[in-house]
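# Fold and geometry: a report
Read off the chains here:
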Amino acid sequence: GLQVRSTAPLVCNDLSLRAPDQTWIEHVDAVLSLSGSYSSEGWQADVSNFELRTGDRAWLIVDAKIGQSSEAGSKLKSTGHYQMDLIGASHQPALTQLKIFQGGAAEGDFSAILGALHQFAANVELKSLAIAGIPPPLPSASMLVRADLQPNGNVKLQVPFQVQHGAQHSDGQLSADVHPEGKDY
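Presented here is an overview of the structure given in this document.

Each value, and the rule that gives it
Residues numbered from 1 in each chain as written. Predicted model: local features only at pLDDT ≥ 70, side-chain atom pairs only at ≥ 80, totals over all residues. Heavy atoms only, no water. Helix = DSSP H or I, 4+ residues; strand = E, 2+ residues; numbered from the N terminus. Buried < 20%, exposed > 50% of the residue type's maximum accessible area, 1.4 Å probe, protein only. Areas by Shrake-Rupley, 256 points an atom, 1.4 Å probe, with all protein chains shown as cover. Lys, Arg positive; Asp, Glu negative; His and termini not counted. Charge placed at Lys NZ, Arg CZ, Asp CG, Glu CD. Core = buried A, V, L, I, M, F, W, Y, C linked by side-chain atoms within 4.5 Å. Contact = heavy atoms within 4.5 Å. Pairing = 2+ DSSP bridges. Salt bridge = Lys/Arg side-chain N within 4 Å of Asp/Glu carboxyl O.

## Comments concerning the overall build of the protein chain
What the protein chain contains, in helices and strands, is 1 helix and 11 strands. If you list the helices and strands of the protein chain from N to C, you get β-β-β-β-β-β-α-β-β-β-β-β. With respect to the principal axes defined by its C-alpha atoms, the protein chain has extents near 60 × 40 × 40 Å. When the 185 residues of the protein chain are sorted by exposure, 23% land in the buried category. Looking at the protein chain as shown, the accessible area adds up to about 12,000 Å², and 56% of this sits on carbon and sulfur atoms. Of the side chains in the protein chain, 12 bear a positive and 19 a negative charge, and the two mean positions are spaced by 2 Å.

Listed below in structure tokens is the structure:
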């Protein structure tokens, strides 16, 4: 087999991501380490210590693996872990809604399986939340977001969640079946 690895972190400074009518991120530095392997059994790529930072503040950190078996019809699979600083992320155009928070973090694991049916899942834990004008401590929340995208464009979404404040907790679940109409949902 073949194995490759970056000997030093890869760095992209002053990165921006835009569409013709919208800016998602701007003036971000990206840092990551890459490695990969290929053999007769399949391939795998590892992204470690992927950071998006503005100035000296890292606001998104991700470690992920993606790979595929060499078997006919095998699915592309990915897993990983992320941490997001809500304050640092709130300075990005696509995440300005997070400016309500004066403190807090989101953290969790994610996975994806891409085949005829695309399956996505992410654990999300919101903790150490602070909002101006609301006395601490605020509740913490956790959820598992699961989405299945079918070949016809239909999406099945399930989001079981739990909100906890001290010894009290509440459980719930959101579910949705989304069907496209023409090119739109």
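## Considerations on the nonpolar core
In globular proteins that are soluble, nonpolar side chains generally tend to be buried together. By size, the foremost hydrophobic cluster in this structure holds 19 residues, and its most contacted members are Leu52, Trp59, Leu60, Met84, Leu86, Leu98 and Phe101. Non-local contacts of Trp59, meaning those with residues more than four positions away in its chain, are made with Ile25, Val28, Leu52, Arg53, Thr54, Gln83, Met84, Asp85, Gly88, Ala89, Gln92 and Leu95.

## What about the pairing of strand β2 (residues 10–19)?
Where β2 lies against strand β3 (residues 22–39), 7 bridges are found, and the strand directions are antiparallel. Looking across to β3, one finds that Leu17 is bridged to Ile25. Hairpin connection between β2 and β3: a loop of 2 residues separates the two successive antiparallel strands.

## Quick look at the pattern of salt bridges
Throughout the structure, instances matching the rule amount to 4 salt bridges. With its nearest N and O atoms 2.5 Å apart, the salt bridge here joins Asp85 to Arg57. Placement of Asp85 in strand β6 (residues 76–85) and of Arg57 in strand β5 (residues 57–69) is noted, with a sequence separation of 28 residues between them.

## Some points on the environment of Trp43
Checked against the element boundaries, Trp43 lands in strand β4 (residues 42–54). By relative accessible area, which is 33% here, Trp43 ends up partly exposed. Considering only alpha carbons, one finds Trp43 and Gly67, 24 residues apart in sequence, at a separation of 5.4 Å. Once residues within four sequence positions are removed from consideration, Trp43 is found in contact with Ser37, Tyr38, Ile66, Gly67, Gln68 and Leu76.

## Looking at the pairing of strand β10 (residues 155–165)
Where strand β9 (residues 140–149) lies against β10, 8 bridges are found, and the strand directions are antiparallel. Considered in β10, the bridge of Ser142 is made with Gln162. Counted between consecutive antiparallel strands, the loop separating β9 from β10 contains 5 residues, among which Gly153 sits at a positive phi close to 95 degrees. Note: β10 against strand β11 (residues 168–178), 11 bridges, orientation antiparallel. The residue bridging Phe161 from the neighbouring strand is Gly172, located in β11. Hairpin connection between β10 and β11: a loop of 2 residues separates the two successive antiparallel strands, and Gly166 in this loop has a positive phi of roughly 65 degrees.

## Description of the environment of Gln119
Along the polypeptide, Gln119 turns up in strand β8 (residues 118–131). Excluding its chain neighbours within four sequence positions, the residues that come into contact with Gln119 are Ser111, Ala112, Ile113, Ala147 and Asp148.

## Quick look at unusual backbone geometry
The omega torsion across Pro136 and Pro137 is -5 degrees, close enough to zero to call that bond cis. Within the secondary structure layout, Pro137 lies in the loop between β8 and β9. Positive phi, normally seen in glycine, also occurs at Asp14, with a value near 55 degrees. Within the secondary structure, Asp14 sits in strand β2. We classify Asp14 as partly exposed; its relative accessible area is 48%. Residue Asn49 is not a glycine yet carries a positive backbone phi of 50 degrees. Assignment of secondary structure puts Asn49 in strand β4. On the accessibility criterion, Asn49 (46% relative accessible area) is partly exposed.

Keep in mind these numbers describe shape, not what the thing actually does.
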